[in-house]
Amino acid sequence: MLRMTGVRVTGLTLVVGVMVLGLAALAAPTKAPPALPGSETCAECHAAGHSRGRVAGEPPAYDAAALSASPHDGIACTGCHTDLEGRDFPHPEKLKRVECRTCHPDQAQQYAESLHGQAATRGEKLAPRCVTCHGAHDILRSVDFRATTNPMNVPALCNNCHREGSPVQSFYHIPQDSILQNYRESIHGEGLFKKGLLTTAVCTSCHTAHHQLPHTDPRSSIARQNVAATCTKCHVRIEAVHRKVIQGELWQKSPGSIPACVDCHQPHRVRKVFYTRGMADQDCMSCHAKRDLTGHHEGKLVSMFVDQTQLEHSRHVKIACAQCHTGVNPAERRPCVTVAPKVDCAVCHAEVVATYQASRHGTLAAK
């Protein structure tokens, strides 16, 4: 019995010893990777373990391990910090901003044209720069779930600046509110957060990663005439799915003559249903709710008043103004200036209109 007890004690001692050694190994500091060729001088002052510039007189440190795990692994310090090339050390405390365009000219050009880039050019402190979204030495590829630019993390990344009450929203008077909350409750947000679908749309899917432009810019991915092309990057054959709502040929040949996707599917709150109010209704009724509003049609003075009570009892109660009165351009001071002169019922009722046009009534009306 004593021998067995001794064995047990000895075994326990061995197990504890192994555990202690294992914990000691885990607690031991990992050896930082060696400095890249050409960066040995930099590593003498900026090696990991420094105060990262928080203590006066101490140089900022960089995490060599994080850098070696980034896409920039293999690039010497002077590859990005070009103003250090050929300098004597120690170098001046203030260095030039790293120019990412040296290696990423296409993205840099898009950024320069974007709202973010224009704000940066004006010297605005709130303007995001490359490091704001991608990081500095700890950049990770977007396929890495730890990367800030991974699709799972993009909504939170954009929300850092575009959330309610943020300095960005207050300074630039951004009218959208509850963007992240609305997105989370949308079909897209549900796909991302509840189902983990990386194929779902995130902020950059619609607004792009580097070329964010206002919707009034014809080059913008969210300009009215470009919305269909943006949505069809994911939602192919929309004209077939909506065959009872739109004409396929208009979808390709004349996208401005049919409702844009966002007329029915509110941008940040996309669901599978039509909304009670379209985006343009409130703007339209600011004028057309006036009983004395008149206009000229075929040389006659006619009333332009719209009785909302009649609309509320019609079958079109859930249809936005812009879905029938197509061609609305929000970029105009009066968006209705560009509205098509006649409502084309075939946009939604293609089969019925085709039958009518072939009928006796239709042929007489055509004459």
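Keep in mind the model is a prediction, meaning the values are calculated, not measured.

(A) Quick look at the overall build of the protein. When its secondary structure is counted, the protein shows 21 helices and two strands. Among the 367 residues that make up the protein, the fraction classed as buried is 25%. In the protein, once contacts between residues fewer than 6 apart in sequence are set aside, the share between residues at least 24 apart is 44%. Element-wise, carbon and sulfur atoms account for 59% of the exposed surface of the protein, whose accessible area totals about 25,600 Å².

(B) Representation of helix H8 (residues 154-162). Three or more residues of H8 are buried, namely Val 154, Pro 155, Leu 157 and Asn 159. Those residues of H8 hidden inside the fold are in contact with helix H7 (130-134), helix H10 (179-185), helix H11 (187-194) and helix H12 (203-207).

(C) Quick look at the layout of surface pockets. In this structure, the second largest pocket spans a volume of roughly 210 Å³. Lining the second largest pocket are twelve residues, with Ile 187, His 188, Gly 191, Leu 197 and Thr 200 positioned closest to its centre. Per-class residue counts for the lining of the second largest pocket are four nonpolar, five polar and three charged.

(D) A look at the packing of aromatic side chains. Across all of its chains, the model carries two aromatic pairs by this definition. Judged by centre distance (4.9 Å) and plane angle (85°), the ring pair of Phe 171 and Tyr 172 falls under edge-to-face. A cation over an aromatic ring shows up here: Arg 184 above the ring of Phe 193, its NZ or CZ 5.9 Å from the ring centre.

(E) Layout of the side chain of Gln 212. You can see Gln 212 is positioned in the loop between H12 and helix H13 (227-231). With near-sequence residues (within four places) excluded, Gln 212 lies in contact with Ser 114, Leu 115, His 116 and His 207.

(F) Up close: the state of the cysteines. With the rule as written, the count across this model stands at zero disulfides. The cysteine Cys 103 is free of any disulfide, with Cys 80 supplying the nearest cysteine sulfur at 6.5 Å. Between Cys 348, a cysteine without a disulfide, and Cys 324, which holds the nearest cysteine sulfur, the sulfur-to-sulfur distance is 6.1 Å.

(G) Molecular detail of the environment of Phe 171. Its place among the elements puts Phe 171 in helix H9 (residues 167-172). Separated by 45 residues in sequence, Phe 171 and Leu 126 have C-alpha atoms that sit 8.9 Å apart.

(H) How the structure looks around the confidence of the model for the protein. The predicted model of the protein has a mean per-residue pLDDT of 79, with 78% of residues at 70 or higher. Between residues 1-29, whose pLDDT stays under 50, and residues either more than four places distant or in other chains, the model counts zero contacts. Confidence drops under pLDDT 50 across residues 273-279; counting only partners more than four residues distant or on other chains, this segment forms 20 contacts.

The rules behind each value
Residues numbered from 1 in each chain as written. Predicted model: local features only at pLDDT ≥ 70, side-chain atom pairs only at ≥ 80, totals over all residues. Heavy atoms only, no water. Helix = DSSP H or I, 4+ residues; strand = E, 2+ residues; numbered from the N terminus. Buried < 20%, exposed > 50% of the residue type's maximum accessible area, 1.4 Å probe, protein only. Contact = heavy atoms within 4.5 Å. Areas by Shrake-Rupley, 256 points an atom, 1.4 Å probe, with all protein chains shown as cover. 1 Å grid on protein atoms, 1.4 Å probe; cavity = no way out; pocket = protein on both sides within 12 Å on 5 of 7 lines; lining within 4 Å. Points joined across faces, edges and corners; volume = space filled by probe spheres on them. Nonpolar A, V, L, I, M, F, W, Y, C, P; charged D, E, K, R; others polar. Phe/Tyr/Trp six-rings, centres within 6.5 Å; stacked < 30°, edge-to-face > 60°. Lys NZ or Arg CZ within 6 Å of the ring centre and 35° of its normal. Disulfide = S-S within 2.5 Å. pLDDT = per-residue confidence, 0-100.

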